[in-house]
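Architecture at a glance
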Amino acid sequence: MPEPLTSVLSRRAEIVAEMRAIVPGEGVVDAVNEMRVFESDALTAYRQLPLVVVLPETVEQVSAVLRFCNDNGVRVVPRGSGTSLSGGSLPLADAVLLVMSRFNRVLEIDYANRAVVAQPGVTNLGITNAIENEGFYYAPDPSSQIACSIGGNVAENSGGVHCLKYGLTANNVLGIEMVLVNGDIVRLGGKHLDSEGYDLLGLMIGSEGLLGVVTEVTVRILKKPETARAVLIGFPTSEQGGQCVADVIAAGIIPGGMEMMDRPAIEAAEDFVRVGYPLDVEALLIIELDGPPAEVDHLIAEVERIAGQNGSTTCRVSMSDAERLSFWAGRKAAFPAVGRISPDYLCMDGTIPRKELPRVLAGMRELSVKHGLRVANVFHAGDGNLHPLILYDANIPGELSAAEEFGADILRLCVRVGGVLTGEHGVGVEKRDLMPEMFSEADLDQQMRIKCAFDPNHLLNPGKVFPQLRRCAELGRMHVHRGQLPFPDIPRF
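Now for a description of the structure that goes with this document. (Residues numbered from 1 in each chain as written. Predicted model: local features only at pLDDT ≥ 70, side-chain atom pairs only at ≥ 80, totals over all residues. Heavy atoms only, no water.)

1. Quick word on the sheet that holds strand 3 (residues 75-79)
- In spatial order, the strands read 1-2-4-3; together these four strands make up an open sheet with mixed pairing. Each end of this open sheet is capped by a strand with a single partner; those strands are strand 1 (28-29) and strand 3.
- In this structure, strand 2 (residues 52-54) lies alongside strand 4 (residues 95-99), joined through three bridges in parallel fashion. By the bridge assignment, V52 is partnered in strand 4 with V96.
- Seen against the sheet, helix 4 (residues 59-72) touches strand 2, strand 3 and strand 4 and runs at an angle of roughly 165° to strand 4. (Pairing = 2+ DSSP bridges. Helix = DSSP H or I, 4+ residues; strand = E, 2+ residues; numbered from the N terminus. Contact = heavy atoms within 4.5 Å. Axes fitted to C-alpha atoms, helices over the stretch in contact; angles between N-to-C directions.)

Set out below in structure tokens:
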């Protein structure tokens, strides 16, 4: 991580006082014990106390905080609910941790335009809860949807079990309000169908807090399908399950959701939730079909046929909505369930072409033997988004390092077969140093130029995403202010 700036640390009392002036009352937390709750996100292997925690309640307060920090060279780390699994909201010792959890209101429900306007601290599930009585829902549904915030979903471009058919956050966000590092408030997109000019909204979604702070989100909502049924299918091997996934998609069937778990994950989930998962299989597929009843019945028959061709040993179709939800309950609880069988685990996130599923699953078993650690697999099989859970014990010397190297090898394998480093968790700290596995120096420099355009002083969430700090001057973008160049200590040739 970037070295803390002593010039900022020495001014901590002054900075805290200024934050209290901007956000009065209980909006500033600076006591060490009280800041402990913010020292990490869901990637708990890494921890760091922030300089100070600020919890604004208004857009004007966010603007004032960013303007002060920009004018005074103070770094800022934006944070939502802290459910990031890539260390995206890991604090810095010399940075203000800007926590958006008090922005927690649904501002407008517009059924005519099928849109909801919400503040970034509203939970993902909170949007669906606000509209489900009228038969609507918000499609992206990460496993952490009960806790993760919609602002964090925008930052990481989160997905979920239904992203195969209905898309990621990027496909369901219509507009945002955001505050730039200099305090300017801008709007991108809106309820209208299309926007003129550059697609800056698309640039912001998945930008991991490096370009600005989101203060309002307009999302697309959908009418609940007429019918939804799920099929629970067991296979003797993970390779057969992976091949079934590829064959279902190749047949032109796009399920509402298609998830897969291997034996360790199946056993952990069943022991935790007890929903009736078969325990004599190596791989379990949950495939949900939705739409008109006649179409759903036809698609279920096709899925059963394809599963049979791939050697399925069990096949159970939900007979009620309660049973369908019970199928998903085990999958949604898989991450906490695995926590019962291992003191610690790293939840990885890589995406591969679907046809490579059998090859990658076999490769992960070989890597498990190589690194001497167990791995449980839970993933969005339909779009090839893998979530290997690497099991380790942080109290055993060397196991955390082994787990990190195991995870790096899995991500290298994903890239090698034509995949990418992340599907929905983001790069953050976890995958930062693996970016050169996928991008050339020219690629990374071009991405950094975009960062420089929004944040020339690199104050927003530094140390994340990019494997090394690149100052804007080093990329040929130099700005002369009052006759003085920035970073005068850098040699010029």
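Okay, back to it.
2. Observations regarding the packing of aromatic side chains
- Inspection of every chain in the model, using the stated rule, returns two aromatic pairs.
- Between Y111 and F136, the aromatic rings sit 5.2 Å apart at their centres with planes inclined by 35°, giving tilted as the arrangement. Of this pair, Y111 sits in the loop between strand 5 (106-110) and strand 6 (115-118) while F136 sits in strand 7 (residues 136-137), and the two are 25 residues apart along the sequence.
- Overall, Y111 belongs to the partly exposed group, its relative accessible area being 29%.
- Between Y137 and Y166, the ring centres sit 6.4 Å apart and the planes meet at 85°, which makes this aromatic pair edge-to-face. Taken together, the residues span a long stretch of sequence, with Y137 in strand 7 and Y166 in helix 7 (residues 163-166) at a distance of 29 residues.
- The buried category is assigned to Y137, whose relative accessible area is 13%. (Phe/Tyr/Trp six-rings, centres within 6.5 Å; stacked < 30°, edge-to-face > 60°. Buried < 20%, exposed > 50% of the residue type's maximum accessible area, 1.4 Å probe, protein only.)

3. Focus on the state of the cysteines
- Enumeration according to the criterion identifies zero disulfides in this entry.
- Not engaged in a disulfide, the cysteine C148 finds its nearest cysteine sulfur in C163; these two sulfurs lie 13 Å apart. (Disulfide = S-S within 2.5 Å.)

4. Points about the environment of G463
- Here G463 lies in the segment after helix 16 (441-454).
- Separated by 400 residues in the primary sequence, G463 and S63 place their C-alpha atoms 22 Å from one another.

5. Notes on the pairing of strand 18 (residues 375-379)
- Burial analysis of strand 18 places five of its five residues in the buried class, which makes it a mostly covered element.
- Of the two faces of strand 18, the one carrying V375, N377 and F379 and the one carrying A376 and V378 are both buried.
- In this sheet, strand 18 lies alongside strand 13 (residues 257-262) in antiparallel orientation, the contact comprising two bridges. The partner of M261 across the bridge, within strand 18, is V378.
- Note that strand 18 and strand 20 (residues 388-392) share three bridges and pair antiparallel. Across the sheet, the residue bridging to N377 is P388, located in strand 20.

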